[in-house]
Amino acid sequence: MFVSVVGRRVVALTSLLVPAIAYADWSQTCPLAPEFSAAQLVTPAFSTDIPIPDGASEIRADEAEVVKDGVSVFSGYVEFIDPQTGLLTETLRYDRENAEVRFEDGGTLYMDEISWIGESGSYRMNEGVIELHDGQYLTDDGGRGRAEHYTKYQNENLSILKRVDFTTCGGPRPAWRIGARELKLDYPDDTGTAYHAVVESWGVPVFYFPYISFPLSDARKTGFLTPTLRESNDAGFDLHIPFYWNMAPNYDGLFNVRTITARGGAFGAELRYLQPDRSGQASLDFEVAPSDPLYDNKTRGIYHLKLNQAFDWQRARIAIDYNQVSDENYLEDFGTNLGITATRFLNRNADLSLAGNRWSANLITRNYQTVDETLAPASRPYRILPQLNVFTGSGGNNTLSTGLATQFSRFARENTLSGSRVHVAPQVFYPLRGAGYFVIPRLKLNATTYWLNDIGTLPDAQPTRVLPTTSVDAGLIAERRFTAFDTNLMQTLEPRVFYLYTPYKNQDDIPVFDSGLYDFTFQNLFLDNRFSGNDRIGDANQVTLALTSRLLNRDNGSEKLRVSFGQVVYFRDREVTLRPGGAVADNTLSESIGEVAAQIAEGWRARTTVQYDTNAQQLDKFVADLSYRPRRDNPGGEVFNVAYRQRRTTAELIEQTDLSFRLPLYWGWSSIGRFSYSLQDDRTLDLFGGLEYEHCCFGVRIGGRRFLRNAEGEYDNAIFAQIHLKGLAGFGTANESFLQGLIPGYRSPF
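Residues numbered from 1 in each chain as written. Predicted model: local features only at pLDDT ≥ 70, side-chain atom pairs only at ≥ 80, totals over all residues. Heavy atoms only, no water.

Student: What's the story with the overall build of the protein in this structure? I'm lost.
Tutor: When helices and strands are counted, the protein shows 4 helices and 46 strands. Relative to its full complement of 750 residues, the protein shows a buried share of 42%. By sequence separation, contacts in the protein at least 24 residues apart represent 48% of the contacts at least 6 residues apart. Summing over all exposed atoms, the protein offers an accessible surface of approximately 38,400 Å²; the carbon and sulfur share of this is 55%. (Helix = DSSP H or I, 4+ residues; strand = E, 2+ residues; numbered from the N terminus. Buried < 20%, exposed > 50% of the residue type's maximum accessible area, 1.4 Å probe, protein only. Contact = heavy atoms within 4.5 Å. Areas by Shrake-Rupley, 256 points an atom, 1.4 Å probe, with all protein chains shown as cover.)

Student: In this structure, what is going on with the pattern of salt bridges? I would like to understand it.
Tutor: For side chains bearing opposite charge, pairing can occur when the charged atoms are close. Across all of its chains, the model carries 32 salt bridges by this definition. Note that R272 is salt-bridged to D252, the shortest N-O span being 2.6 Å. With R272 in strand β19 (residues 264-274) and D252 in strand β18 (residues 251-260), the pair connects residues that are 20 residues apart, well separated along the chain. Judged by its relative accessible area of 40%, R272 falls in the partly exposed class. (Salt bridge = Lys/Arg side-chain N within 4 Å of Asp/Glu carboxyl O.)

Student: Help me out: how do you make sense of the side chain of S159 in this one?
Tutor: Among the structural elements, S159 can be located in strand β11 (residues 158-166). Judged by relative accessible area, which is 1%, S159 ranks as buried. Within the structure, the side chain of S159 is placed 3.2 Å from the side chain of Y150, a separation counted as a polar contact. The residues contacting S159, other than those within four sequence positions of it, are E113, Y150, T151, K152, L183, K184, L185 and Y187. (Polar contact = N/O pair within 3.5 Å; in protein donor to acceptor, adjacent residues only side chain to side chain.)

Student: Hey, could you run me through the pairing of strand β16 (residues 228-232) in this one?
Tutor: Here is the key point about a regular strand: its side chains alternate between the two faces of the sheet. Both β16 and strand β17 (residues 236-248) contribute to a ladder of 5 bridges, which runs antiparallel. Bridge pairing links T228 to H240 in β17. With antiparallel pairing between neighbouring strands as the criterion, β16 and β17 make up a hairpin whose turn holds 3 residues. (Pairing = 2+ DSSP bridges.)

Student: Would you take a moment to explain the environment of G436 for this structure?
Tutor: Relative to the assigned elements, G436 resides in the loop between β28 (432-434) and β29 (437-453). Between the C-alpha atom of G436 and that of E494, which follows or precedes it by 58 residues, the distance is 9.1 Å. Among all residues touching G436, those that are not within four sequence positions of it are G475, L476 and I477.

Student: Help me understand the packing of aromatic side chains in this model?
Tutor: Two numbers describe a pair of aromatic rings. These are the distance of the centres and the angle of the planes. Applying the stated criterion across every chain yields a total of 23 aromatic pairs. Their ring planes at 40° and their centres at 6.3 Å tell us that Y450 and F513 sit as a pair that is tilted. Taken together, the residues Y450 in strand β29 and F513 in the loop between β32 (487-502) and β33 (516-517) connect sequence positions 63 residues apart. The pair Y450 / F513 is uniform in exposure class, with both members buried. An aromatic cluster is present here, built from W202, W669, Y693 and F698 joined pairwise through their rings. One residue, R442, lies across the ring of F429, its end atom 4.4 Å from the ring centre. The aromatic ring of F482 is capped on one face by R480, whose charged end is 4.4 Å from the ring centroid. (Phe/Tyr/Trp six-rings, centres within 6.5 Å; stacked < 30°, edge-to-face > 60°. Lys NZ or Arg CZ within 6 Å of the ring centre and 35° of its normal.)

Student: Explanation requested: the environment of L109 in the structure shown.
Tutor: Summarising the element assignment, L109 is placed in strand β7 (residues 107-110). In sequence terms L109 and T85 are 24 residues apart; their C-alpha atoms lie 7.0 Å from each other.

Printed below as a string of structure tokens:
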């Protein structure tokens with residue numbers, strides 16, 4: 001122990017390295033009460049910031065009465081310093097024999113995770129035990145409160161507070177405060193335990209917990225989570241009580257008890273595992289309603305298994321996605337939006353993939369459960385049981401390259417045509433690439449054979465098709481560098497030509513298992529087959545002409561503007577159709593398609609897609625959207641999305657608008673909302689509106705929603721409320737993922 005008795009405010013040789021709490025960003029928390037500021041808890045007034053060595057201690061004082069083997073008394077302006085603590089007081093007693101310091105006339109103590117101002121206290125240095133009485137404290141994350149007794153066991157890194165309260169709010173009557181008879185903070189175990197805890201709001205008791213356990217960090221911990229409550233006009237009140245079980249570092253489970261006013265009880269669980277290197281993850285979740293009074297007291301439920309696992313051998317990976325529901329109305333009765341309630345099929349898929357040097361293979365199955373049993377068998381998709389894909393290739397840029405794609409598929413469907421298909425597609429190509437240009441000539445052969453069952457009116461049970469495809473893909477990339485508005489920019493001009501030839505072959509005797517027409521987009525202008533799958537190989541003698549221009553920021557590489565335009569010129573009619581008897585396409589020009597994407601200002605982006613039919617002189621597709629996203633460091637900022645979508649099909653014109661936003665108002669209030677409307681049906685698809693209030697120590701959300709619940713046009717209405725106590729927890733509904741689904745770009749401010 002080094003003792004320095006000097007005049008007031010001298011600069012000493014050694015002193016405390018002030019803990020990090022003293023320099024926390026208090027601007028992000030509620031204002032401190034006057035007694036905290038006066039006690040210098042935020043900016044301690046030590047005489048120097050030079051650290052002292054480990055194992056050493058130091059006392060500085062205006063006056064001292066030093067007793068060699070007894071109790072020494074230091075008075076005036078007293079500083080006690082060691083590597084873990086710092087104390088400011090007016091009177092300090094030092095018991096040399098017992099290695100103990102005590103203060104009784106008030107003092108301020110600084111530790112790594114807490115700062116304290118209290119009436120009295122002691123520090124037994126050999127035992128590493130600090131005891132404080134009748135004081136107030138600040139934590140390093142902005143929490144504050146009072147306690148009658150505080151004990152810190154430094155060797156065990158354990159703290160016990162008695163008759164304690166905690167809040168992140170300011171003022172004598174905080175918006176919320178939690179008080180407990182005893183609070184135990186076990187830092188090695190990362191566990192906090194409170195006994196007989198009461199949550200108050202503006203001095204009024206709201207909740208009582210005889211026992212509650214919580215983590216001291218972001219780590220997972222077993223225990224009950226915050227209940228959620230939802231209300232709708234169909235089901236009434238819907239209460240969820242979740243329990244989280246942290247079984248192991250990479251295994252956990254979430255169990256949920258659900259009480260629904262109109263439908264009785266339900267229970268469910270979600271079990272997960274995640275490997276540390278993220279090479280594997282799996283989840284099994286289910287929900288069961290044992291007796292639904294609105295469904296003849298039948299047991300109803302749903303479960304979902306999802307697995308994604310990688311292996312070291314040959315870069316292998318397996319993926320499983322399996323779903324099962326008890327009845328066709330379950331999703332409508334227990335779902336919460338049209339995307340869930342209008343589901344007609346549930347996937348049951350499995351994939352196994354392997355990869356080596358210049359080869360890859362995958363084995364897949366595609367099965368499903370039909371939710372809508374009114375669909376005729378012929379209108380349901382085929383099951384793929386299984387499909388094997390193998391690809392191998394060789395070569396590279398500026399050299400002759402080869403590739404071979406092989407596929408075997410087995411298709412099945414109840415009471416209809418089924419069978420197997422083998423498709424082999426060898427190809428040879430020569431990719432010429434240089435500075436500012438590319439030319440890729442390609443020759444490909446499509447050979448397909450079927451083995452069919454229940455062929456019906458088809459003429460052959462083993463049809464075969466062999467068709468060659470040739471193509472040349474060429475493009476230029478020209479650049480122009482310039483400076484405008486003090487910004488270094490680069491403009492590109494990228495013309496591209498794609499010629500495609502495939503001879504015609506009648507394919508009406510071949511069934512359609514998994515083929516369909518690709519959507520007409522700018523990217524799809526350069527495909528070598530206008531049909532997906534391998535049941536149809538489209539005849540073609542055509543050239544695609546396209547032009548893209550970009551405006552890039554040379555300093556950071558960001559794209560400020562992109563304009564693309566493309567069209568296909570046909571040299572012959574397209575006679576291959578998806579179904580026998582389909583109309584032959586005889587137009588010489590395809591629809592024109594143009595895309596524009598622009599960053600019009602910081603945070604603002606606009607995008608437009610136009611698809612125009614020059615033959616029919618009509619607009620077939622038009623999409624325009626404008627969005628604003630806040631900076632990453634401002635999660636509670638403005639969010640704005642507006643979109644208009646029009647698409648013409650053979651049956652109808654689909655026309656919809658969508659508006660969503662988060663707009664700050666005044667005094668901490670913000671508005672949130674979404675409005676989705678079908679113009680052709682003249683009806684609302686989804687209407688949501690609410691308010692958020694952010695205080696320095698809590699946040700509140702309230703709102704309501706009306707959404708289309710099924711394809712028959714029935715609506716559901718719901719209300720929600722959520723309260724988040726900063727530094728403690730949140731409870732209610734409308735979590736962040738729910739709002740992100742409604743408002744793209746939304747990030748919760750609390």
